[in-house]
Amino acid sequence: MIEHIDDLPDGCIGMRAIGMFTIDDFVSVIEPDVDGVVRRHERLRLILELGDRFEGFGEGAWGDLTAGLRHIRFHRGAVITDDGQISTAINVLKWTLHGHVRTFHVREFGDAVDWVAA
């Protein structure tokens, strides 16, 4: 399940994964939110938190997420996680994305928001 993160600066969208992240989460929550921001702003500022309530990616969800993100123009994107494997994967993947993407630890949530909003 994906829940929205409220109270972010204008132009930023934030999402928090709780439990398993599924293909349906990507299609029903992330895609429409990203499409809406892209229509209103030229550059996307995205925060995705994969914190302590995140249990992993359901079958095919990692592939859909990464494939979808490769076609989006980012201004900045932050993935917030303490999972070393996800951080490593994002740091490899970011070279294929259109924009700046960084990983942050969960304790750095505020720093991630500040960086994305800058």
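In this text, all values refer to a predicted model and were calculated from it rather than measured experimentally. (Residues numbered from 1 in each chain as written. Predicted model: local features only at pLDDT ≥ 70, side-chain atom pairs only at ≥ 80, totals over all residues. Heavy atoms only, no water.)

Caption draft 1: Here's a closer look at the packing of aromatic side chains. Tallying each qualifying case throughout the model produces 3 aromatic pairs. Seen from their ring centres, Phe 54 and Phe 57 are 5.2 Å apart, and the 70 degrees between their planes marks the pair as edge-to-face. The exposure class of Phe 54 is buried, given its relative accessible area of 13%. Phe 57 sits in the partly exposed class, given a relative accessible area of 22%. Between Phe 104 and Trp 115, the ring centres sit 6.0 Å apart and the planes meet at 50 degrees, which makes this aromatic pair tilted. You can see Phe 104 sitting in strand S7 (residues 98-104) and its partner Trp 115 sitting in helix H4 (residues 109-117), a full 11 residues away along the chain. Since its relative accessible area comes to 16%, Trp 115 is described here as buried. Across from the ring centre of Trp 115, 5.2 Å away, lies the NZ or CZ of Arg 102, which sits over that ring. (Phe/Tyr/Trp six-rings, centres within 6.5 Å; stacked < 30°, edge-to-face > 60°. Buried < 20%, exposed > 50% of the residue type's maximum accessible area, 1.4 Å probe, protein only. Helix = DSSP H or I, 4+ residues; strand = E, 2+ residues; numbered from the N terminus. Lys NZ or Arg CZ within 6 Å of the ring centre and 35° of its normal.)

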